[in-house]
Amino acid sequence: MPHSMPVDRAIFTGSNGVRVSVRKVAIIGSGLMGRGIAYAAAVAGFETSLHDVSSSALDAAMAQIRVDLDEGLARGKLQTADAKAALQRLAPVQDLDADAEFVIEAVPEDIALKLRVFARLDEVYRPEVVLASNTSGLSITEIAASTKRPARVVGMHFFNPVPRMKLIEIVRGLDTGEDAIAVVAEVAQRMGKESVVVRESPGFITSRINAIIGNEAFFMLEAGVASARDIDKALKLGLNHPMGPFELVDLVGLDTRLSVLEFLHARLGDKYRPCPLLVQYVRAGRLGRKAGRGVYEYPAK
Ligand code: NAD
């Protein structure tokens, strides 16, 4: 996708004839995900405002976006002029930018907070504006019900690190309309991403499958079927996975994986019962790379 062109005012006509235009995008929350999403939006040519309640979070976000742009240049993904233009399209803001034509929320995963934020977004943005949430697992239906536009509330689930990861899961809540899904798909495409549409359900597609693979790997390790290194090697070389399940869980965090499994276990049943060995590792503080020790050891450099 050519990155240097600003986005024209694109007009989408949905099944009910509603026309929506997106040129300007607002990102709400400038943490790990919000800053990556802002990078993707600005590089794709959208006028982008990045909002946070914390000015230090905004400063850190802008610094990280500059690093990501440099990396894009170093990897040959961007030209110098594209990186400059992307920065010019990007505005860090502490007040909501009411002009935006599409909103992506990326505040912490806390339902009470998301309900409050969406009620506020609903007041600020024109009724036709689609409000998307990057939630990893909260109910889009419940979030939508805090607004007067449930048909225009949709999930837009990005992956970390956003600049590199190609996929977006578009999540359909009970009342999400086709127009909202079409708008997200179009914005995703303009960002150079691929999207899939999934009905609101625990773990969507990716976390649900990944949790099973990761949990099964721990059951195999516990039963002495093979060493951790050999299980990782087998999945990489035999099944073409880019990382082994233990390398991946060490990166994600064993505590995070355990809480995903507990959530899926509560909703989807026994298939997702966390392996006792994983629980034991978490109790021992073997949380992965961030702790210096997970399935593997990571000596401090
Ligand atoms: P984070 O904690 O890094 O960032 C959240 C940001 O939101 C912070 O900068 C915080 O200051 C800001 N914030 C808090 N309240 C706010 C408010 N009322 N208005 C505006 N900004 C506010 O969190 P994150 O890891 O970026 O996660 C954000 C969302 O993305 C969560 O729903 C999470 O589940 C989802 N997600 C995370 C990942 C991941 O790998 N971390 C992947 C996919 C989806």
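Above this text is the structure in question.
Calculation criteria
Residues numbered from 1 in each chain as written. Predicted model: local features only at pLDDT ≥ 70, side-chain atom pairs only at ≥ 80, totals over all residues. Heavy atoms only, no water. Helix = DSSP H or I, 4+ residues; strand = E, 2+ residues; numbered from the N terminus. Expected span 1.5 Å × (residues − 1). Buried < 20%, exposed > 50% of the residue type's maximum accessible area, 1.4 Å probe, protein only. Arc of directions from axis to C-beta. Contact = heavy atoms within 4.5 Å. Core = buried A, V, L, I, M, F, W, Y, C linked by side-chain atoms within 4.5 Å. Near = heavy atom within 4 Å. Polar contact = N/O pair within 3.5 Å; in protein donor to acceptor, adjacent residues only side chain to side chain. Areas by Shrake-Rupley, 256 points an atom, 1.4 Å probe, with all protein chains shown as cover. Nonpolar A, V, L, I, M, F, W, Y, C, P; charged D, E, K, R; others polar. Pairing = 2+ DSSP bridges. Axes fitted to C-alpha atoms, helices over the stretch in contact; angles between N-to-C directions.

### Digging into helix 8 (residues 228–239)
Taking 1.5 Å of rise per residue, 12 residues should cover 16 Å, and helix 8 covers 16 Å from first to last C-alpha, within 8% of that figure. Of all the positions in helix 8, only A228, I231, D232 and L235 are classed as buried. Summarising the axial view, the buried residues of helix 8 lie within an arc of 100°, below the 170-degree limit, and thus occupy one face. Pointing more than 90 degrees away from the buried face of helix 8 are the exposed residues R229, L237 and G238. As for helix 8, its buried residues are in contact with helix 7 (206–222) and helix 9 (245–252). N240 occupies a position one or two residues after helix 8 and carries a positive phi of about 65°.

### Notes on the nonpolar core
Within soluble globular proteins, side chains that are nonpolar generally end up buried alongside one another. Of all hydrophobic cores here, the largest spans 41 residues; its most connected members are I37, F102, I104, M156, F158 and M191. Considering every element that reaches this core, the biggest residue donor is helix 1 (residues 32–43), with eight residues. Counting residues in hydrophobic clusters, the runner-up holds 23 residues, among them A211, A217, L254 and V282.

### Concerning the site of the ligand
Taken together, 24 residues surround the ligand, and among them M33, D52, E109, K114 and S136 come closest. At a separation of 2.7 Å, an oxygen atom of the ligand approaches a polar side-chain atom of D52. The contact in question runs from an oxygen atom of the ligand to an N or O atom on the side chain of S136, over 2.7 Å. Coverage of the ligand by the protein amounts to 74% of the 840 Å² it exposes when considered alone. Those elements giving two or more residues to the shell around the ligand turn out to be helix 1 and helix 4 (111–124). Across the shell around the ligand, the residue classes tally to 11 nonpolar, 10 polar and three charged.

### Looking at the sheet that holds strand 10 (residues 194–199)
Strand order across the open sheet formed by eight strands is 5-4-3-6-7-8-9-10, with mixed pairing between neighbours. Each edge of the open sheet is held by one strand with a lone partner, namely strand 5 (90–93) and strand 10. Sheet twist, expressed as the average angle between the axes of neighbouring strands with direction ignored, equals 25°. Each of strand 3 (24–28), strand 4 (47–51), strand 5 and strand 6 (102–105) touches helix 1; the most contacted strand, strand 4, lies at about 170° to it.

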